[in-house]
Amino acid sequence: MDRLSNTEGSAGVRKPSRPVGLGLAASAADSGEPLESPTGSHVEWCKQLIAATISSQISASVPDTISRDYRNLRDGNKVAQMEEAPLIPGESIKAIGKDVMYICPFIGAVSGTLTITDYRLYFKSVERDPFFILEVALGVISRVEKIGAQGHGENSCGIEIVCKDMRNVRFAYKKEEQSKLEIFESLIKYAFPLSSDLPLFAFSYKEKFPVNGWKVYDPICEYKRQGLPNESWKISKLNSSYELCDTYPAILVLPTSVKEDDLAKVAAFRTRGRIPVLSWIHPESQATITRCSQPLVGPNDKRCKEDEKYLQTIMDANAQSHKLIIFDARQTTVAETNKAKGGGYECESSYPYAEIVFLEIHNIHVIRESLRKLKESVYPLTDDARWLSNVDSSHWLENIKWLLSGAVRIADKVESGKTSVVVHCSDGWDRTAQLTSLSMLMLDSYYRTIKGFEVLIEKEWISFGHRFEMRVGHGNENHADADRSPIFLQFIDCVWQMTVQFPSAFEFNEIFLVTILDHLYSCLFGTFLCNSEQQRVKKEVQMNTLSLWSYINSHLDEFTNPFYVNYESHVLYPVASLRHLELWVNYYVRWNPRMRPQMPVHQQLKELIALRAELQKRVEELQREVGNRSVSSSSERGASPSQASTPVHTFV
């Protein structure tokens, strides 16, 4: 494979698109751009035009004596109509509050109508021109609290909504109104449906898409793409009933020579039974990336001869190296602490053929706190005088650096060292998933396509049991749960850093990544629900919900990078240095209208894609024309040998 490294890195500023059914915080007055509803701005405009036309026709025939009263009634109905929330298939309204005040941190108080559905919060004010609209998918909400709303009228109280996507939302209203009480109760009930024994909205969403996203990932097809099975590795259905490991997928790739009885003993020696299984194999050297959880060594240095033999079998499957590198994602001190509690790491005296490397990556609690500090720095207002120091004190970019540098070391050992590697942390579903997927993204150009990246997420994150429900807190009101952590967000941020350093190496654009993160929280699709494949099978998620990839793959022009070049068989080595890492402003600070790009970059990208298609079509026409001329010239030369022909060259 060829090696691509980056030493400069340049970032274009791109504006996230508005995902289906998910509002992106929004005042048209702030952005200077018309807002679109989930059902389409053109459809809504047509509805309003028809309503206005019918009203004007009726009013023209009303006698003067009653026309004034009718006009007042008509205007009131028109305002109510305009404030109505557009619904997506399966969505229903649960509560409506009039004369609610949205306390915007950027433009001040805005009065309007607040609608709560079973999917989202929808606020609209028709007092402004253009209308002010704010939407928040209820799945994005982390916490809802009643607050005092001083300075916004007598007997007022309010609601503060803390969101998982780097923003807080506040509303104020008069305390004595019953409809406002219904707003608060409905908000609690449908923002946290699992706490109220209700299903998530994904099970009610009934949109129709021309593409079935559940068919994107077929594990057997993906392993066959990698050249498996072969003489050393087999595709196994041993875990089809999830008895070997209940957090692993049904289909695994295992060493061919390992016996079933030995596998059971290896599973007993690994945390939660997460044995070493293959994630990726190099097409030339046969060096592999395998993933697992920590061994249960404990303070007494317990050994398992089946586990030791198993790892040696993994090493022996690669004839080009007589060493196995075990990358432990944890800090050395944390691994020692885990050992004292019954976990631990592979001791080189027990695994003499292996080299243990600790990558010093922080745990979920440190990452959660890091994001909290970052949010304090970027929302609602940014302090220009302390911008750099505030971002630095959050340590967010420093944590991104540790993660990226670890993935680079893994990729380099596989590519340049032709050495097989084993990757694990404690449980093998957080930092392990980050490291394997990032290193595979660097090594394999297929994963840098839109479909390939979807397969990568389905494989390394969803099927291998990253605990999305627990880490995100889907539908659960326990916002203080210590198991919540932005692990998947951190991974997507690392991917974005790579797209900045290699802007033409990825088929997808920034909007694609933002859309994935928005629907990580939204609970509109079934893609990120539950904690394991077994749970998703039990709840029949694929039968009863839609896949996010159905939406994305039905709108590919929205998510395609116009500058994409397929660097097939090229390995990417991003520079994991703070000097080359950037804060992802278009995600973390996107709610601040002063931080939005001045140019509508999203529209420009679509125009570039259309222009590229047009130019490609023109090139094909010119090539056909050249081919026809060549045939014609050959015929003429055959008839008149003395006639000379002029070569035709095309340059695009």
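Our subject in this report is the structure included herewith. Here the structure is a predicted model, which means the values were calculated and not measured.

Across its full length, the protein carries 22 helices and 16 strands. Every one of the 652 residues in the protein was classed for burial, and the buried ones make up 53%. Within the protein, contacts between residues at least 6 apart in sequence are counted, and of these 72% link residues at least 24 apart. As displayed, the protein has an accessible area near 28,800 Å², and 50% of this comes from carbon and sulfur atoms.

The next point concerns the state of the cysteines. Taken as a whole and judged by the stated rule, the model has 0 disulfides. Of the cysteine sulfurs around Cys292, a residue in no disulfide, the closest is that of Cys425, at 9.1 Å.

All right, on to the sheet that holds strand β14 (residues 354-358) then. The sheet built from 5 strands is open, its strands ordered β11-β12-β15-β13-β14 with mixed pairing. The open sheet has two free edges, formed respectively by β11 (277-281) and β14, since each of these has just one partner strand. The mean angle between the axes of side-by-side strands here comes to 25°, regardless of whether they run parallel or antiparallel. Note that strand β13 (residues 324-328) and strand β15 (residues 421-424) share 4 bridges and pair parallel. Within β15, the position partnered with Asp328 by the bridge is His424. Strands β12 (288-291), β13 and β15 of the sheet are contacted by helix α7 (residues 305-316), whose axis makes an angle of about 120° with β13.

Take the pattern of salt bridges next. Inspection of the entire model under this criterion finds 24 salt bridges. Arg120 is the salt-bridge partner of Glu91, the closest N and O atoms lying 2.8 Å from each other. Here Glu91, found in the loop between α3 (64-83) and β2 (93-104), pairs with Arg120, found in strand β4 (residues 120-125); they are 29 residues apart in sequence, far enough to count as distant. Note on accessibility: Glu91 and Arg120 belong to one class, buried. A salt bridge links Glu135 to Arg120; its shortest N-O distance comes to 2.5 Å. Placement of Glu135 in strand β5 (residues 132-137) and of Arg120 in strand β4 is noted, with a sequence separation of 15 residues between them.

This part is about the packing of aromatic side chains. For the structure shown, the criterion picks out 36 aromatic pairs. On the numbers, 6.3 Å between centres and 80° between planes, the contact of Tyr351 with Tyr353 is edge-to-face. Here Tyr351 and Tyr353 have matching classes, each one buried. Summarising the aromatic geometry, the rings of Trp461 and Phe488 are spaced 5.1 Å apart at their centres and angled 85° between planes, so their arrangement reads as edge-to-face. With Trp461 in helix α13 (residues 450-463) and Phe488 in helix α15 (residues 487-501), the pair connects residues that are 27 residues apart, well separated along the chain.

All right, on to the packing of helix α12 (residues 431-443) against α13 then. Where α12 contacts α13, the axes come no closer than 10 Å and their chain directions differ by 150°. Here α12 lies roughly antiparallel to α13, going by the angle between them. Handedness of the α12/α13 crossing: right-handed. Of the residues in α13, those in contact with Ala433, Gln434, Thr436, Ser437, Met440 and Leu441 of α12 are Phe453, Leu456, Lys459, Glu460 and Trp461. Counted by class, the contact of α12 with α13 contains 6 nonpolar, 3 polar and 2 charged residues.

Attention now moves to the pairing of strand β7 (residues 156-163). Most of β7 sits inside the fold, with 8 of its 8 residues counted as buried. In β7, alternate side chains face the same way, and those of Ser156, Gly158, Glu160 and Val162 on one face and Cys157, Ile159, Ile161 and Cys163 on the other are all buried. One ladder, built from 7 bridges, connects strand β6 (residues 141-148) with β7; its direction is antiparallel. Directly across from Gly148, in β7, lies its bridge partner Cys157.

A word on the sheet that holds β6. One open sheet accounts for 7 strands, arranged β5-β4-β3-β2-β8-β7-β6; its pairing is antiparallel. Each edge of the sheet is formed by a strand with only one pairing partner; in this case those strands are β5 and β6. Strand-to-strand twist of the sheet, defined as the mean angle between neighbouring strand axes without regard to direction, takes the value 30°.

Once that is clear, we can look at the nonpolar core. Core analysis: the biggest nonpolar cluster contains 127 residues, and Leu121, Phe171, Phe453, Ile457, Phe488, Ile516 and Tyr588 have the highest contact counts within it. Excluding its chain neighbours within four sequence positions, the residues that come into contact with Tyr588 are Met166, Leu371, Leu374, Val378, Trp396, Leu489, Asp493 and Leu583. Ranked by size, the runner-up nonpolar core spans 37 residues in total, among them Tyr248, Val253, Cys292 and Met315.

For the rest of this paragraph, the subject is a nonpolar patch on the surface. Judged by side-chain polarity, Phe563, Leu608, Leu611 and Leu615 come together as a nonpolar surface patch covering roughly 350 Å² of accessible area. Residue class for Leu615 comes out partly exposed when judged on its relative accessible area of 46%.

A separate point is helix α16 (residues 510-522). Three- or four-residue spacings in an α-helix give side chains the same orientation, since the helix completes a turn every 3.6 residues. When the terminal C-alpha atoms of α16 are compared, their 18 Å separation across 13 residues agrees well with the 18 Å that a helix rising 1.5 Å per residue should span. Counting buried positions along α16 gives 13 out of 13 residues, so the element sits mostly inside the fold. By the N-cap criterion, in which a side-chain oxygen at the helix start approaches the backbone nitrogen of a residue two or three places on, α16 is capped by Asn509, the distance to Ile511 being 3.1 Å.

Turning next to the environment of Asn566. Following the sequence through the fold, Asn566 ends up in the loop between α20 (556-559) and β16 (570-573). The exposure class of Asn566 is partly exposed, given its relative accessible area of 44%. Taking the C-alpha atoms as reference points, Asn566 and Ser445, separated by 121 residues in sequence, lie 7.4 Å from one another. A polar contact of 3.4 Å, which involves the side chain of Asn566, links it to the side chain of Tyr564.

The next point concerns the side chain of Arg431. Mapped onto the elements, Arg431 comes out in helix α12. As a buried residue without a salt bridge, Arg431 has its nearest oppositely charged side chain in Asp430, at a separation of 6.5 Å. One polar contact links the side chain of Arg431 to the main-chain carbonyl oxygen of Ile361, over a distance of 3.0 Å. Excluding anything up to four places from it in sequence, Arg431 contacts Ala329, Arg330, Ile361, His362, Asn363, Cys425 and Ser426.

A separate point is α13. Taking 1.5 Å of rise per residue, 14 residues should cover 20 Å, and α13 covers 18 Å from first to last C-alpha, within 8% of that figure. By the criterion of burial, α13 is predominantly enclosed, with 13 of the 14 residues buried. For α13, the N-terminal capping position is held by Thr449, with its side-chain oxygen 2.9 Å away from the main-chain nitrogen of Gly452. Gly465 occupies a position one or two residues after α13 and carries a positive phi of about 80°.

All right, on to the environment of Pro89 then. Checked against the element boundaries, Pro89 lands in the loop between α3 and β2. Residues within four places of Pro89 in sequence aside, it is in contact with Phe201, Ser204, Tyr205, Lys206 and Glu207.

All right, on to the packing of helix α11 (residues 396-415) against α12 then. Here α11 crosses α12 at 55°, and the two axes come no closer than 8 Å. Taken together, the axes of α11 and α12 are oblique relative to one another. Like other packed secondary-structure pairs, α11 and α12 cross with a definite hand, here right-handed. Judged by residue contacts, Leu403, Leu404, Gly406, Ala407, Val408, Ile410, Ala411, Val414 and Glu415 of α11 engage Gln434, Leu435, Leu438, Ser439, Met442 and Leu443 from α12. Tallied by class, residues from the contact of α11 with α12 come to 11 nonpolar, 3 polar and 1 charged.

Criteria and thresholds
Residues numbered from 1 in each chain as written. Predicted model: local features only at pLDDT ≥ 70, side-chain atom pairs only at ≥ 80, totals over all residues. Heavy atoms only, no water. Helix = DSSP H or I, 4+ residues; strand = E, 2+ residues; numbered from the N terminus. Buried < 20%, exposed > 50% of the residue type's maximum accessible area, 1.4 Å probe, protein only. Contact = heavy atoms within 4.5 Å. Areas by Shrake-Rupley, 256 points an atom, 1.4 Å probe, with all protein chains shown as cover. Disulfide = S-S within 2.5 Å. Pairing = 2+ DSSP bridges. Axes fitted to C-alpha atoms, helices over the stretch in contact; angles between N-to-C directions. Salt bridge = Lys/Arg side-chain N within 4 Å of Asp/Glu carboxyl O. Phe/Tyr/Trp six-rings, centres within 6.5 Å; stacked < 30°, edge-to-face > 60°. Parallel < 35°, antiparallel > 145°, perpendicular 65-115°, else oblique. Left-handed = near helix turned anticlockwise from the far one by under 90°. Nonpolar A, V, L, I, M, F, W, Y, C, P; charged D, E, K, R; others polar. Core = buried A, V, L, I, M, F, W, Y, C linked by side-chain atoms within 4.5 Å. Patch = residues over 30% accessible without salt bridge, like charges linked within 9 Å, V, L, I, M, F, W, Y side chains within 5 Å. Expected span 1.5 Å × (residues − 1). Polar contact = N/O pair within 3.5 Å; in protein donor to acceptor, adjacent residues only side chain to side chain. Lys, Arg positive; Asp, Glu negative; His and termini not counted.

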